[in-house]
Amino acid sequence: RKEVEQDPGPFNVPEGATVAFNCTYSNSASQSFFWYRQDCRKEPKLLMSVYSSGNEDGRFTAQLNRASQYISLLIRDSKLSDSATYLCVVTRDSNYQLIWGAGTKLIIKP
Amino acid sequence: DAGVIQSPRHEVTEMGQEVTLRCKPISGHDYLFWYRQTMMRGLELLIYFNNNVPIDDSGMPEDRFSAKMPNASFSTLKIQPSEPRDSAVYFCASSSYWRASTEAFFGQGTRLTVV
């Protein structure tokens, strides 16, 4: 079993819809959590950190569920420009090494 | 700041040849990471440095791979001899410190094709 798992998708979503996807992690001692976005043939870029109380940044909401060991990303009023691969990242407890999920591909259709 | 700079952007080489990938991290960042990304395996950490010292190279696939960081502004990843299965996008990333909410900044990557 991979340490960080994501549904690879693709999620095909009409423009304006709300979409959510989860990421599960296996190490209960994981400390920090992030969502990165990667556009086709580009480098990953930080989308948002995920805090214990949940956090929101515009149309994006991130949640952390430590009991069930998953984080989620919710995108409201989706735009064509949201089409990308979303990578879930978790740190290990001992050395804060980043552990990457394989990514969820999102396609927003007009 | 120009961000993390990698060169070359694309590299096509024949099997058995030596390949050297280069990275200039963001000035002031003391962590540097080398990643490899393929469709099959996703993003894999190969090695990372702290203050120019290799900390964890457990992700380096085999002895054909080596990485150096002779100073705070330069790192190389070398593959010798290269094989077709090394074809991938290689990313370099840097970070200012290793704590919660730390952002890793990536270079644009080197797309390596070994034929």
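Details of the structure are given in the entry above.
A. Representation of the overall build of chain B in the model. Counting its regular elements, chain B contains zero helices and eleven strands. Helices (α) and strands (β) of chain B occur, in sequence order from the N terminus, as β-β-β-β-β-β-β-β-β-β-β. For 115 residues, the compact-globule estimate of 2.2 N^0.38 gives 13 Å, and the C-alpha radius of gyration of chain B, at 13 Å, lies within 12% of that figure. For the C-alpha atoms alone, the extent of chain B along its principal axes is close to 40 × 30 × 30 Å. Buried positions account for 48% of the 115 residues belonging to chain B. When contacts within chain B are restricted to residue pairs at least 6 apart in sequence, long-range pairs at least 24 apart make up 54% of them. For chain B, the computed accessible surface area is about 5700 Å², with 49% contributed by carbon and sulfur atoms. Averaging the locations of the 11 positively and 13 negatively charged side chains of chain B gives two centres separated by 2 Å.

B. Local environment of the state of the cysteines. Per the counting criterion, the structure on display carries two disulfides over all chains. The disulfide that involves Cys23(A) links it to Cys88(A), with 1.9 Å between the sulfurs. On the sign convention where negative means left-handed, the S-S torsion of about -70 degrees between Cys23(A) and Cys88(A) marks this disulfide as left-handed. Taken together, the positions of Cys23(A) in strand β3 (residues 19-25) and Cys88(A) in strand β9 (residues 84-91) put the pair 65 residues apart, joining distant regions of the chain. Grouping residues by exposure puts Cys23(A) and Cys88(A) together as buried. There is a disulfide in this structure between Cys23(B) and Cys92(B), and the S-S distance comes to 1.9 Å. Here the S-S torsion is close to -65 degrees, and the disulfide linking Cys23(B) with Cys92(B) is therefore left-handed. Here Cys23(B), found in strand β3 (residues 19-24), pairs with Cys92(B), found in strand β9 (residues 88-95); they are 69 residues apart in sequence, far enough to count as distant. Exposure remark for Cys23(B): the relative accessible area of 1% places this residue in the buried category.

C. Quick look at the sheet that holds strand β8 (residues 74-79) of chain B. All names here are of chain B. A sheet is described by the order of its strands in space; here four strands give the open sequence β1-β3-β8-β7, paired in antiparallel fashion. Strands at the two margins of the open sheet, each flanked by one partner only, are β1 (5-7) and β7 (65-71). Here the strands of the sheet are splayed against their neighbours by 15 degrees on average, with no regard to which way each runs.

How each quantity is defined
- Every chain's residues receive numbers from 1 upward, in the order its sequence appears when written.
- Numbering of ligands from 1 and lettering of chains from A proceed in the order in which they are written.
- Only residues with pLDDT of at least 70 are given local features in this predicted model, and only at 80 or more are side-chain atom pairs given and counted; all residues enter the totals for whole chains, interfaces and linings.
- Only heavy atoms go into the side-chain values, all of them from the structure, while hydrogens and water stay out.
- Secondary structure elements are defined from DSSP: runs of H or I of at least 4 residues count as helices, runs of E of at least 2 residues count as strands, and each element is numbered from the N terminus.
- Within these notes, the globule rule equals 2.2 Å times the number of residues to the 0.38 power, and the radius of gyration is based on C-alpha atoms.
- Exposure classes here rest on a 1.4 Å probe applied to the protein chains alone. A residue is buried below 20% of its type maximum, exposed above 50%, and partly exposed in between.
- Contacts: residue pairs with any heavy atoms within 4.5 Å of one another.
- Per-residue and other accessible areas were derived by the Shrake-Rupley procedure at a 1.4 Å probe size, with only the shown protein chains allowed to occlude residues.
- Counted as positive: Lys and Arg. Counted as negative: Asp and Glu, with His and the chain ends omitted from the count.
- Charge coordinates come from a single atom per side chain, which is NZ of Lys, CZ of Arg, CG of Asp or CD of Glu.
- Disulfides are defined as pairs of cysteine sulfur atoms found within 2.5 Å of each other.
- A pair of strands is considered paired only if DSSP assigns at least 2 bridges between the two.
- Simply put, an axis is a line fit to the C-alpha atoms, just over the touching stretch for a helix, and the angle between two N-to-C directions goes from 0 to 180 degrees.

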